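Here is what each chain is made of, one letter per residue.
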Amino acid sequence: MSDPESFSFTVDNRLDSGRHGRSGVINTPHGSIATPAFIPVGTKATVKAVLPETMKELGAQALLANAYHLYLQPGSDIVDEAGGLSTFMNWPGPTFTDSGGFQVMSLGVGFKKVLAMEAVDVRSDDVIAKGKERLATVDDDGVTFRSHLDGSKHRFTPEVSMGIQHQLGADIMFAFDELTTLLNTRGYQEKSLQRTHEWAQRCIDEHERLTAARTHRPYQALFAVIQGAQYEDLRRKACRELESIRGSAGTGFDGYGIGGALEKHNLGAIVGWCCDELPEDKPRHMLGISEPEDIFTAVENGADTFDCVNPSRVARNAAIYVAEGRFNINTARFRRDFTPIDDTCDCYTCAHYTRAYIHHLFKAKEMLASTLCTIHNERYTIRLVDRIRESIEGGYFDDYKAETLGIWKGRIATP
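The rules behind each value
- Every chain is numbered independently, its residues counted from 1 as its sequence is written.
- A pLDDT threshold of at least 70 governs which residues receive local features in this predicted model, and a stricter bar of 80 or more applies before side-chain atom pairs are shown or counted, although totals over entire chains, interfaces and linings include all residues.
- Only heavy atoms go into the side-chain values, all of them from the structure, while hydrogens and water stay out.
- Under the DSSP-based scheme used, a helix requires at least four consecutive residues in state H or I and a strand at least two consecutive residues in state E, with every element numbered from the N terminus.
- Both definitions apply: the radius of gyration is a C-alpha atom measure, and the globule rule equals 2.2 Å times residues to the power 0.38.
- Note on contacts: a residue pair qualifies if any of its non-hydrogen atoms lie within 4.5 Å across the two residues.
- Each accessible area value is a Shrake-Rupley result obtained with a 1.4 Å probe; residue values ignore everything except the protein chains displayed when judging cover.
- In this count, Lys and Arg are taken as positive residues and Asp and Glu as negative ones, while His and the chain termini are left out.
- Charge positions come from single atoms, namely NZ of Lys, CZ of Arg, CG of Asp or CD of Glu.
- The angle between two axes is taken between their N-to-C directions and runs from 0 to 180 degrees, where each axis is a line fitted to C-alpha atoms and a helix contributes only its stretch in contact.
- Oblique is the label for any angle not under 35 degrees, not over 145, and not in the 65 to 115 range, which are roughly parallel, roughly antiparallel and roughly perpendicular in turn.
- Should DSSP find at least two bridges between two strands, the strands are taken to pair.
- Defined by distance alone, a disulfide is two cysteine sulfur atoms within 2.5 Å.
- Summary of the burial criterion: residues with accessible area below 20% of their type's maximum are buried, those above 50% are exposed, and those between are partly exposed, where the area comes from a 1.4 Å probe applied to protein chains only.
- Joining through side-chain atoms within 4.5 Å is the link that ties buried Ala, Val, Leu, Ile, Met, Phe, Trp, Tyr and Cys residues into a set, and such a set is a nonpolar core.
- We count a salt bridge whenever a side-chain nitrogen from Lys or Arg sits within 4 Å of a carboxyl oxygen from Asp or Glu.
- By convention, a stacked pair of Phe, Tyr or Trp rings (six-membered ring in the case of Trp) has centres within 6.5 Å and planes under 30 degrees apart, an edge-to-face pair has planes over 60 apart, and any other such pair is tilted.

Caption draft 1: Main features of the overall build of the protein chain. Secondary structure assignment for the protein chain yields 15 helices and 16 strands. For a compact globule of 415 residues, the expected C-alpha radius of gyration is about 22 Å, and the protein chain comes in at 21 Å, within 12% of that figure. Taken along its principal axes, the extent of the C-alpha atoms in the protein chain is 65 × 50 × 50 Å. Taking contacts inside the protein chain between residues at least 6 apart in sequence as the whole, the part at least 24 apart equals 68%. A total of about 17000 Å² of accessible surface is found on the protein chain, and carbon and sulfur atoms cover 50% of it. Charge separation in the protein chain, taken as the distance between the mean sites of 46 positive and 57 negative side-chain charges, equals 7 Å.

What follows is the structure, encoded as structure tokens:
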């Protein structure tokens, strides 16, 4: 069953004016993904507060889970014994897993959600959150860290990450890399880039070995991860070097992930630099974006898929996406608002519940509030990207972008 030809990517349409944006299809053993596509995040083999069956109904084409969290709990061996991630979580479609590198480093230096992603004047290679204890240390061989759950000691190397992800059995997985931040010095970024390159070679070698040994499982595609922070020369160098890597059997990477620290206003430029260098016949995944303006920017500059926890995370804190922007539904003005969250939305929440009821659920601290808002926010994001794909296919991307972001930013009224 472990046949590399079961994974493929085709490009169907391209934006004009020399832009990298395109639509296409990623084929995996568990189904196809029409791109561009938003991949909702189910960190611990679940999108928080929502059934996997519901995610399918919302139009999700694939889900992403986290190797670090599933390694710690319940254990990647248990997921493997269950038949792999899709079977374990009762999700019929394709799955992604990240390498665990982000969580190892972010949680290891005390950042619960994200690392420092804004450029500041101070540069330091000993990044740590204020008042936190360092739980992770990196060396040329890998990362030693203590669990954020119980303090137990663990070690991730490229080989360990590959072993965990093969046991998890996702259709698409990522090479183990060192995540840096915008606080790191240029010198450290260069050193880290070399380390990530060496780890990528070890990942592809171990991936080849495990693929040959695990013929009872479907083929898993391996994506390299591009670092380099805000430096154009480092991003381009990373792309060229990763593209040149081959395993002992001649295997190259199946696709590429654009990750690492970047400033929001440089998102389009960085994606564009990478796509200038990357092969046209391989898919590109942007790690960690979901705001509408970022989605348009990433797609226009060449991203095929992208993931983010934000739609579900902000939903649990009463933040709602609509065409005009984002608002908090737990504020007093919605107490007697008996209209849907969005009367143009086709999700279950908008069809059955009012703003007043959801406001009440948050005030009463009922768990259903998170479920209903997550359903809406995930559907909003999935539908937005579906329409972006349709606009590329129909040749009206620029018009759709201008109208959508004009409404989102309040420059034009809702039609």
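Don't stop here, the text continues.
Caption draft 2: The packing of helix H13 (residues 355-363) against helix H14 (residues 368-394), seen in detail. Relative orientation of the contacting elements H13 and H14 amounts to 135°, with a least axis distance of 8 Å. By the angle class used here, H13 and H14 are oblique. The segment H13 lies against H14, with Tyr357, Ile358, Leu361 and Phe362 engaging Leu368, Ala369, Leu372 and Cys373.

Caption draft 3: Fine view of the sheet that holds strand S9 (residues 153-156). The strand order across the open sheet formed by 3 strands is S7-S8-S9, and the pairing between neighbours is antiparallel. In this open sheet, the two edge strands, each paired with only one partner strand, are strand S7 (136-138) and S9. Averaged over neighbouring strand pairs, the angle between their axes works out to 15° when direction is ignored. Here S7 runs beside strand S8 (residues 143-146); their pairing, made up of 3 bridges, is antiparallel. Looking at S8, one finds that Ala136 is bridged to Phe145.

Caption draft 4: Representation of the state of the cysteines. Counting across every chain of the model gives 0 disulfides. Summary of cysteine pairing: Cys274 is not part of a disulfide, and the nearest cysteine sulfur, belonging to Cys239, is at 3.8 Å. Taking relative accessible area as the criterion, Cys274 reaches 0% and is therefore assigned buried.

Caption draft 5: Expanded view of the sheet that holds strand S5 (residues 63-66). Within the open sheet, the 8 strands sit side by side as S4-S14-S13-S12-S11-S10-S6-S5. Their pairing is parallel. The open sheet terminates on both sides in strands that have one partner only, identified here as strand S4 (37-40) and S5. The sheet shows a mean angle of 25° between the axes of neighbouring strands, taken without regard to direction.

Caption draft 6: Region of the structure containing the nonpolar core. In terms of nonpolar packing, the biggest core is built from 97 residues, with Ile226, Phe253, Met286, Phe306, Ile329 and Ile388 touching the most fellow members. Not counting chain neighbours up to four residues away, the residues in contact with Phe306 comprise Ala37, Phe38, Ile39, His285, Met286, Ile289, Ile295, Val299 and Val385. Counting 16 residues, the second-largest nonpolar core is a separate cluster that includes Phe7, Ile26, Phe174 and Tyr219.

Caption draft 7: How the structure looks around helix H10 (residues 292-300). Taken across its 9 residues, H10 has 8 buried, putting it largely inside the fold. For H10, every residue scored as buried is listed here: Pro292, Glu293, Asp294, Ile295, Phe296, Ala298, Val299 and Glu300. Considering only its buried residues, H10 is in contact with strand S2 (22-28), helix H9 (267-277), strand S14 (305-308), H14 and helix H15 (397-408). Among the residues trailing H10, Gly302 stands out with phi positive, at a value near 125°.

Caption draft 8: A look at the pairing of strand S6 (residues 95-98). A two-sided burial pattern is seen for S6, the buried positions comprising Thr95 and Thr97 on one face and Phe96 and Asp98 on the other. The pairing of S5 with S6 spans 4 bridges and is classified as parallel. Paired with Ala65 across the strands is Thr97, a residue of S6.

Caption draft 9: Broad picture of the pattern of salt bridges. Enumeration according to the criterion identifies 31 salt bridges in this entry. Notably, a salt bridge pairs Arg186 with Glu190, separated by 2.7 Å at the nearest N-O pair. One end of the pair is Arg186 and the other is Glu190, both in helix H7 (residues 186-213) and 4 residues apart, which spans about a single turn. Among the residues examined, Arg186 registers a relative accessible area of 29% and is labelled partly exposed. Classification of Glu190 as partly exposed rests on a relative accessible area of 39%.

Caption draft 10: Up close: the packing of aromatic side chains. One pass over the full model with this rule turns up 17 aromatic pairs. Measuring from ring centre to ring centre gives 6.0 Å for Phe296 and Phe397, while their planes differ by 50°; the resulting arrangement is tilted. One end of the pair, Phe296, is in helix H10; the other, Phe397, is in helix H15, and 101 residues separate them in sequence. Relative to Tyr353, the ring of Tyr348 has its centre 6.2 Å away and its plane inclined at 55°; by these criteria the two rings are tilted.

All we've got here are geometric facts, nothing functional implied.
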